[in-house]
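# Breakdown of the fold
If you want the building blocks of each chain, they are given just below.
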Amino acid sequence: MINSSDELEPGQIAPDFTLTDASGASRSLAEHRGRPVIVYFYPAAFTPGCTTEACDFRDNLASLQSAGYDVLGISPDPVERLAQFAAAEALSFPLLSDEDAAIARAWGAWGQKTVDGRTFDGLIRSTVVVDAEGRVVSVEYNVQADGHVARLRERLGLPRLVSSVTVQ
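Here is a short report on the structure shown in this document. (Residues numbered from 1 in each chain as written. Predicted model: local features only at pLDDT ≥ 70, side-chain atom pairs only at ≥ 80, totals over all residues. Heavy atoms only, no water.)

### Quick notes on the sheet that holds strand β3 (residues 37-41)
- Read from one edge to the other, the open sheet built from 7 strands follows the order β2-β1-β5-β4-β3-β8-β9, with strand pairing classed as mixed. Edge positions in the sheet fall to β2 (26-28) and β9 (136-141), since each has one partner strand and no second. The average undirected angle you get between the axes of adjacent strands in this sheet is 30°.
- The pairing of strand β8 (residues 126-130) with β9 spans 5 bridges and is antiparallel. Paired with V129 across the two strands is S138, which belongs to β9.
- Its contacts with the sheet put helix α1 (residues 48-66) on β3, β4 (70-75) and β8, and the angle it makes with β3 is roughly 175°. (Pairing = 2+ DSSP bridges. Helix = DSSP H or I, 4+ residues; strand = E, 2+ residues; numbered from the N terminus. Axes fitted to C-alpha atoms, helices over the stretch in contact; angles between N-to-C directions. Contact = heavy atoms within 4.5 Å.)

Right, here's the structure in full:
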């Protein structure tokens, strides 16, 4: 569990950051001022849950952007691994490297977790929505990857996406 004093709260200013993206460019939260942004933290590229979540954001990216939202993914993976992940999964939104987990800690997304009966400190799958002025609008810790973007869309009041699959 995360110490509640470390968790972000709606209404507070989101901690700024500058991190390196999968292409090697520096990206900051400040460059998104004037437009809301969804910042999601994921534990590790190429793992099943993280791949599911990243592909879910990828598949919803156009509709999120048309609703005014940018999307940033942050993990403790090195830049090279993020580049491989982005290429393998055709991810077109920025993936940012937080190798020392300083930003994850500042955003309350780092703490004690238990996986397969083993307890350790690590990145806690989390999503934070920041408004155009840099204030936290919504925070969710311990996110379930499967179906996360649909639940987020609902919480943001965005319409459901209609599947393009045709049943014959």
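### A look at the packing of α1 against helix α4 (residues 148-155)
- Following both chains from N to C, one finds α1 and α4 inclined at 40°, their axes separated by 9 Å at the closest point. Together, E53, D56, F57, N60, S63 and L64 of α1 and H148, V149, A150, L152 and R153 of α4 make up the contact between the two elements.
- Looking at side-chain class alone, the contact of α1 with α4 contains 5 nonpolar, 3 polar and 3 charged residues. (Nonpolar A, V, L, I, M, F, W, Y, C, P; charged D, E, K, R; others polar.)

### Considering the nonpolar core
- I38, Y40, F57, L64, V71, F93 and L95 are the most contacted members of the largest nonpolar core, which totals 23 residues.
- Listed by contribution, the elements that provide at least two residues to this core are β3, α1, α2 (79-89) and α4.
- Examining the composition of this core, we find that 5 residues originate from one element, α1, more than from any other.
- Residue contacts for F93: discarding those within four places in its chain leaves Y40, A54, F57, R58, L61, V71 and G73.
- If you look at the next biggest cluster of nonpolar residues, it comprises 21 residues, including L19, L72, I74 and V128. (Core = buried A, V, L, I, M, F, W, Y, C linked by side-chain atoms within 4.5 Å. Buried < 20%, exposed > 50% of the residue type's maximum accessible area, 1.4 Å probe, protein only.)

### Brief notes about unusual backbone geometry
- The backbone of F46 sits at a positive phi, close to 70°, despite the residue not being glycine.
- Tracing the backbone through its elements, the reader meets F46 in the loop between β3 and α1.
- Judged by its relative accessible area of 35%, F46 falls in the partly exposed class.
- The backbone of N142 sits at a positive phi, close to 55°, despite the residue not being glycine.
- Position of N142 among the secondary structure elements: in the loop between β9 and α4.

### A word on the packing of aromatic side chains
- Counted under the stated rule, the structure contains 8 aromatic pairs.
- Aromatic side chains F41 and W107 sit 5.8 Å apart centroid to centroid with 55° between the ring planes, which places their arrangement in the tilted category. Pair noted here: F41 is in strand β3 and W107 is in the loop between α3 (102-106) and β6 (110-115), with a separation of 66 residues, a long-range link. No difference in accessibility class separates F41 from W107, as the two residues are buried. (Phe/Tyr/Trp six-rings, centres within 6.5 Å; stacked < 30°, edge-to-face > 60°.)

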